[in-house]
Amino acid sequence: AQSVTQPDIHITVSEGASLELRCNYSYGATPYLFWYVQSPGQGLQLLLKYFSGDTLVQGIKGFEAEFKRSQSSFNLRKPSVHWSDAAEYFCAVGDLGAAGNKLTFGGGTRVLVKP
Amino acid sequence: GAVVSQHPSWVICKSGTSVKIECRSLDFQATTMFWYRQFPKQSLMLMATSNEGSKATYEQGVEKDKFLINHASLTLSTLTVTSAHPEDSSFYICSASVRGQGETQYFGPGTRLLVL
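Summarised in this report is the structure supplied together with it. Just so you know, these numbers come straight off a predicted model, no measurement behind them.

1. As for the nonpolar core
Okay, so step 1: Among the nonpolar cores identified, the biggest contains 26 residues, and Trp35, Leu48, Phe74, Leu76 and Tyr89 of chain A are the most heavily contacted of them.
Okay, so step 2: Counting only elements with at least two residues in this core, the list comes to strand E2 (10–14), strand E3 (19–21), strand E5 (32–38), strand E6 (44–50), strand E8 (64–68), strand E9 (73–78), strand E10 (87–97) and strand E12 (109–114) of chain A.
Okay, so step 3: By residue number, the principal contributor to this core is E10 of chain A, which donates four residues.
Okay, so step 4: Beyond its immediate sequence surroundings of up to four residues, Leu76 of chain A is in contact with Leu19, Glu20, Leu21, Trp35, Leu47, Leu48, Phe63, Glu64, Ala65 and Tyr89 of chain A.
Okay, so step 5: Counting residues in each nonpolar core, the second largest holds 25 residues, with Trp35, Met47, Ala48 and Ala56 of chain B among its members.

Here it is, written out as C-alpha cells:
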C-alpha cells in the first residue's frame, strides 16, 4: 500500500527566508505526486504536481518541488517566503485506478512565518 | 477554472438528525468525486469515491449506511450524514476529477459539521 511521510509537523521560518518541506513516499510504481496547501478552515489548493518528465516541477506562488526517485522524495521549496505562505502543506501520492486517482496524504506540515 | 463548491460551509445540528452536504463542480464535468474527513490538526482521510451514475466505493471502516453518497450528475455529489452524533462532528471536504485528467483532484472549501 502506498504511504506518505512528512517528517516535520511544524516549521517556523522568517519572512524572506527560504523554505523546504520534506516529503517521502512509498509506492510500487512510478508515482503521481502532489503538493497542496490549506489555509485555516479552508479546502485544499493545488500547488504543483509531478506525473513524469522533468523532475523539477514549478508550481504556483513561487513554489517548486524536486522528484528524487532514488530517495523516494518529493520536497517542496520556496526561495523567499511571504507572510501569506503561513498555512498547512500536504504532500500526496496518487494511485490512478479505474475509479480515478485515489490520493493518500501525508500528515501535513504547518508553516509559521515570523515577521 | 476547475472550481469546486460546497454547501453549506458550516452546519450545526442536533444529535439524531440527518445532514446533507452538497459538492458541485462549477465549470467542469466531474466524472469522479471524492469525500474526505479531516479532524482538527490532522490529515485528510478518504471516506469514499463516487463515479457519476454508479454506487460509491467506501473505504474500509466507513459505514455506508451512515454516510450516504449520491452522485446523480456530472456536477453534483451529495453526502448525507444520517442520524448524526457528536462523534460525527468534523470537517468534510469533497474533491472532483475529470476523466482524461483523472490524476488531479480539485478540492472544495469544506463543510464544518458540529453535532450537539
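Anyway, onward from the coordinates.
2. Structural notes on the state of the cysteines
As used in these notes, a disulfide is a covalent bond between sulfur atoms, one from each of two cysteines.
Residues and elements named next belong to chain A.
Okay, so step 1: Following the criterion strictly, the structure yields two disulfides over all chains and no others.
Okay, so step 2: Put simply, Cys23 and Cys91 are joined by a disulfide, and their sulfur atoms are 2.0 Å apart. Because the torsion about its S-S bond is -65°, the bridge between Cys23 and Cys91 counts as left-handed. Residue Cys23 is found in the loop between E3 and strand E4 (24–26), and its partner Cys91 is found in strand E10; the two are separated by 68 residues along the sequence. When sorted by exposure, Cys23 lands in the same class as Cys91, which is buried.

3. Re a nonpolar patch on the surface
Okay, so step 1: On the surface, Trp10, Ile12, Leu114 and Leu116 of chain B cluster together to form a nonpolar patch covering roughly 450 Å² of accessible area.
Okay, so step 2: Residue classification places Trp10 of chain B among the exposed residues on the basis of a relative accessible area of 58%.

4. Some points on the interface of chain B and chain A
Okay, so step 1: With 21 residues of chain B at the interface, the matching set in chain A holds 21 residues.
Okay, so step 2: Taken together, the links from chain B to chain A amount to one salt bridge.
Okay, so step 3: Between Glu59 of chain B and Lys102 of chain A there is a salt bridge; the shortest N-O distance is 2.9 Å.
Okay, so step 4: Where chain B packs against chain A, one counts six residue pairs in polar contact (both at pLDDT 80 or more).
Okay, so step 5: For the side of chain B that touches chain A, the element with the highest residue contribution is strand E10 (residues 101–107) of chain B, accounting for five residues.
Okay, so step 6: Of the residues assigned to the side of chain B that touches chain A, the class counts are eight nonpolar, 10 polar and three charged.

5. A look at the side chain of Asp88 of chain B
Okay, so step 1: When you line up the elements, Asp88 of chain B lands in the loop between strand E8 (76–81) and strand E9 (90–98).
Okay, so step 2: Leaving out residues up to four positions away in the same chain, Asp88 of chain B has contacts with Arg37, Lys66, Phe67, Val81, Ser83 and Leu113 of chain B.

6. Here we look at the environment of Gly53 of chain B
Okay, so step 1: Within the secondary structure, Gly53 of chain B sits in the loop between strand E5 (44–51) and strand E6 (57–58).
Okay, so step 2: Taking the C-alpha atoms as reference points, Gly53 of chain B and Leu74 of chain B, separated by 21 residues in sequence, lie 8.6 Å from one another.

7. A word on the sheet that holds strand E3 (residues 19–25) of chain B
Residues and elements named next belong to chain B.
Okay, so step 1: Reading across from one edge, E1-E3-E8-E7 is the order of the four strands in this open sheet, with antiparallel pairing throughout. Among the strands making up the open sheet, the edge pair consists of strand E1 (4–7) and strand E7 (67–73). If you compare each strand with its neighbour and ignore which way they point, the axes differ by 15° on average.
Okay, so step 2: Strand direction decides the pairing type here: E7 and E8, joined by five bridges, are antiparallel. Its bridge partner lying in E8, Ser73 is registered against Leu76.

Calculation criteria
Starting afresh in each chain, residues are numbered from 1 along the sequence in its written order. The lettering of chains begins at A and the numbering of ligands begins at 1, in the order of writing. Side-chain atom pairs in this predicted model are given and counted only at pLDDT of 80 or more, local residue features only at pLDDT of at least 70, and totals for whole chains, interfaces and linings cover all residues. Water and hydrogen atoms play no part in the side-chain values, which are based on all heavy atoms of the structure. By nonpolar core is meant a set of buried Ala, Val, Leu, Ile, Met, Phe, Trp, Tyr and Cys residues that side-chain atoms within 4.5 Å join together. Partly exposed describes any residue whose relative accessible area lies between the buried limit of under 20% and the exposed limit of over 50%, with all areas from a 1.4 Å probe on protein chains only and scaled to the type maximum. Strands are runs of DSSP state E lasting at least two residues, helices are runs of H or I lasting at least four, and both sets are numbered from the N terminus onward. Two residues qualify as a contact provided that any one of their heavy atoms is within 4.5 Å of a heavy atom in the partner residue. The rule for a disulfide is simple: a pair of cysteine sulfur atoms within 2.5 Å. In this scheme, patches are assembled from residues that exceed 30% relative accessible area and form no salt bridge. Like charges are connected within 9 Å, while nonpolar side chains (Val, Leu, Ile, Met, Phe, Trp, Tyr) are connected within 5 Å. Surface accessibility in these figures is a Shrake-Rupley result with a 1.4 Å probe; residues are shielded only by whichever protein chains are displayed. Within this document, salt bridges are pairs made up of a side-chain nitrogen of Lys or Arg and a carboxyl oxygen of Asp or Glu, the two lying within 4 Å of each other. Under this definition, polar contacts are N or O atom pairs within 3.5 Å; protein pairs additionally need one hydrogen-donor-capable and one acceptor-capable atom, and for neighbouring residues in sequence, both atoms have to be side-chain atoms. All residues other than Ala, Val, Leu, Ile, Met, Phe, Trp, Tyr, Cys, Pro, Asp, Glu, Lys and Arg, Gly among them, are scored as polar; the first ten of these are nonpolar and the last four charged. Here a strand pair is declared whenever DSSP counts at least two bridges between the two strands. Axes here refer to lines fitted to C-alpha atoms; in helices the fit is confined to the stretch in contact. Angles between the N-to-C directions go from 0 to 180 degrees.

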